[in-house]
Amino acid sequence: MVVMERQTERERGRLPEPGRRRSRRGRRVLIGAVAGCAVLGGVLVLLPWDGGDAPPPAPGPAAVARGAVTTGVPAALPDLAALIGDRESHLRAHPLDGASWAVLGAAYVEQGSRTADTANWPKAEKALRTSLKTGAKRNPQALEGLAALAVARRDFPAAKKWGESAVKAAPKRWTAHAVLVDAYTGLGDQEGVGRALDKVLELHPGTPAAGALAAAVYRDRGWREDAAARISDAAADAEAPAERAAYLEQAGRLAFERGDREEALRFFQEALRTDPDQRAAQAGQGRALVALGRTTDALSAYQAASAKRPGPEYPLELGELYESLGLGQAARVEYDLLRDRVRGAEAAGADGRLLLGRLEADHGDPAEAVRVLRAEWGRQPGTAVADALGWALHRTGADEEALEFAAIATDGDKGGGVLSALHVFHRGMIERSLDRYGPARRHLREALTINPYFSPLRVPEAKRALAELGEPSAEGPPE
């Protein structure tokens, strides 16, 4: 049934048809790499070579990072640091170089996204706005940088504004369309996502970056096999280690979401071997290790990820792991850490309401969660917000309204096409509270089928609820 629904979505033309899957040989190459083969990373030579006998000199770290941040691919953290230092030094001597201000701003955005250092956001905004003032009249790179900064801050209305301005300034600049995919996704605009992805695939076909973006969109539509094939191709074809590691981490998340613990762990481990600074993969390791029952190793992975501050959401995952182990005090420490990080992010201009709402709904004040998430929904009504608001409403007892939002988060016709075990679990529990036992039983089973390991706290809860619901009666209705 699910496959038929996804095909219907495709036939309606809402999104581009997924590309043909990679050959068996190509997939075997990737699987071999994930199993532990050495990875040889390469970079593009950014300067022309005169054809002499000696090989061209390798570009320095700053040049490598500049090539990455201006062409829409992940860059290594040491290279980004070199680029930032290089451009800061240059701009002290040439403060009216608008193009360099745009490069510096883009580098700040990339570095902040990789390290979750929100101190980068004000610096990035200042650099990019300075580029608009001092650069060329048509400055798509600065506009695109501001759009990417808004995405990093979870300010999707601003991302849409800046991204559409960048596209207007340079319609054939594929990276501007790429950032609009993220903006429209955050706003719940599925038609906009499809249009933007179409343009990326038209302007930048057959590239790892375009494939990784397509994989993210296909995942959101529930086209799991197509998403896995796309990201597998992207990771196999990526040349630079930081780019390859980013796609391996994305592949690991996809594998975990479909309940494949072993494959997810292999992807996360290979991502870290390829780029030790791929910090999101550390938290991914923790997720997979919990699912494999390796709790001590999982705690170490999460603690390492949280200590390096890869993102404010990881204390929530670690806190729930502690709570599942009966370590309530340790869990509360993590939840307080998350609140501190959200406040710090908001002080730097980031929107932390979705994460704060999720935390308060389950581990704090559900009424506050509803207040925060209603405001978020009114501003940027994406699928994740619909799910979180529905669950917060359920936690306050407003189950009829909660079910409306849960349906939005799980109904493909309403934009909730992603096969999320957590979203489906939330819907099943809300239906159970409304005495809608048939749908509740169906959705709770579906959640455990999608991913039997989706949460150390919620999986046992789903199993208990199913046991209490029992099997449906074989008898017909009374006369």
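Before reading on, note that the structure itself is shown above.
Residues numbered from 1 in each chain as written. Predicted model: local features only at pLDDT ≥ 70, side-chain atom pairs only at ≥ 80, totals over all residues. Heavy atoms only, no water.

A. Representation of the overall build of the protein chain. The secondary structure content of the protein chain amounts to 25 helices and 0 strands. Classification of the 479 residues of the protein chain by burial places 53% in the buried group. For the protein chain, the proportion of contacts with a sequence separation of at least 24, taken over those separated by at least 6, is 58%. Only carbon and sulfur atoms are counted for the fraction: they give 52% of the accessible area of the protein chain, which is about 21,800 Å². (Helix = DSSP H or I, 4+ residues; strand = E, 2+ residues; numbered from the N terminus. Buried < 20%, exposed > 50% of the residue type's maximum accessible area, 1.4 Å probe, protein only. Contact = heavy atoms within 4.5 Å. Areas by Shrake-Rupley, 256 points an atom, 1.4 Å probe, with all protein chains shown as cover.)

B. Geometry of helix α13 (residues 241-257). Relative to the 24 Å expected for 17 residues at 1.5 Å per residue, α13 spans 24 Å between its end C-alpha atoms, a close match to the ideal helical length. Of all 17 residues making up α13, 14 are buried, and the element is well covered by its neighbours. Just beyond α13, the residue with positive phi is G259, at close to 85°. (Expected span 1.5 Å × (residues − 1).)

C. Representation of the side chain of H177 within the structure. The topology assignment puts H177 in helix α9 (residues 174-186). Once residues within four sequence positions are removed from consideration, H177 is found in contact with V167, P171, A196, K199, V200 and L203.

D. Expanded view of unusual backbone geometry. The residue R154 is not glycine, and still its phi comes out positive at about 60°. Structurally, the position occupied by R154 is in the loop between α7 (140-152) and α8 (156-169). Take R154: its relative accessible area is 23%, and that puts it in the partly exposed class.

E. Highlighting the packing of aromatic side chains. Enumeration over the complete set of coordinates arrives at 4 aromatic pairs. Taken together, a centroid distance of 5.3 Å and an interplanar angle of 40° make the contact between Y218 and W223 tilted. Judged by centre distance (5.3 Å) and plane angle (90°), the ring pair of W377 and F405 falls under edge-to-face. Of this pair, W377 sits in helix α20 (residues 366-379) while F405 sits in helix α22 (residues 399-410), placing them 28 residues apart in sequence. Note on W377: relative accessible area 22%, which makes it partly exposed. Accessibility expressed as a relative area gives 10% for F405, which makes it buried. Pairwise contacts between aromatic rings join W391, F425 and F454 into one cluster. (Phe/Tyr/Trp six-rings, centres within 6.5 Å; stacked < 30°, edge-to-face > 60°.)

F. Here's a closer look at the pattern of salt bridges. Under the defined criterion, the tally for this structure stands at 31 salt bridges. Salt-bridge contacts for R339 lead to E360; the nearest nitrogen and oxygen are separated by 2.9 Å. With R339 in helix α18 (residues 328-347) and E360 in helix α19 (residues 353-363), this residue pair connects regions lying 21 residues apart in the sequence. On the basis of relative accessibility, which here comes to 17%, the residue R339 falls in the buried class. (Salt bridge = Lys/Arg side-chain N within 4 Å of Asp/Glu carboxyl O.)

G. Geometry of the packing of helix α21 (residues 383-395) against α22. Interaxial distance between α21 and α22 falls to 8 Å at its minimum, and their mutual angle equals 160°. Accordingly, the angle class assigned to the pair α21 and α22 is roughly antiparallel. In this structure, α21 crosses over α22, and the sense of that crossing is left-handed. Judged by residue contacts, T383, A386, D387, L389, G390, L393 and H394 of α21 engage D399, E401, A402, F405, I408 and A409 from α22. Grouping the amino acids of the contact of α21 with α22 by side-chain chemistry returns 7 nonpolar, 3 polar and 3 charged. (Axes fitted to C-alpha atoms, helices over the stretch in contact; angles between N-to-C directions. Parallel < 35°, antiparallel > 145°, perpendicular 65-115°, else oblique. Left-handed = near helix turned anticlockwise from the far one by under 90°. Nonpolar A, V, L, I, M, F, W, Y, C, P; charged D, E, K, R; others polar.)

H. Representation of the environment of A81. Along the polypeptide, A81 turns up in helix α4 (residues 77-93). The class for A81 is partly exposed, based on a relative accessible area of 43%. Considered as a pair, A81 and A65 are 16 residues apart in the sequence and their alpha carbons are 8.7 Å apart.

I. Main features of the nonpolar core. Core analysis: the largest hydrophobic core is formed by 102 residues, its most contacted members being L197, I231 and Y247. Once residues lying within four places of it in the same chain are set aside, the contact partners of Y247 are V73, P74, P208, A209, A212, I231, A234, A235 and A238. (Core = buried A, V, L, I, M, F, W, Y, C linked by side-chain atoms within 4.5 Å.)

J. Inspection of α9 at higher detail. Between the first and last C-alpha of α9 there are 19 Å, a value that for 13 residues agrees with the 18 Å anticipated at 1.5 Å per step. Along α9, the residues that are buried comprise W174, T175, A176, H177, A178, V179, L180, V181, A183, Y184 and G186. In this structure, the buried side of α9 is in contact with α7, α8, α10 (190-203) and α11 (208-220).

K. Inspection of the packing of helix α15 (residues 279-291) against helix α17 (residues 314-324) at higher detail. Their axes nearest at 11 Å, the elements α15 and α17 cross at an angle of 20°. By the angle between their directions, the pair α15 and α17 is classed as roughly parallel. As for the relative orientation of α15 and α17, their crossing is left-handed in sense. Where α15 abuts α17, its residues A280, A283, R287 and V290 lie against Y314, E317 and L321. Residues that form the contact of α15 with α17 fall into these classes: 5 nonpolar, no polar and 2 charged.

L. Molecular detail of the environment of W223. By the element assignment, W223 lies in the loop between α11 and α12 (224-237). With 194 residues separating them in the primary sequence, W223 and G417 have C-alpha atoms 8.7 Å apart.

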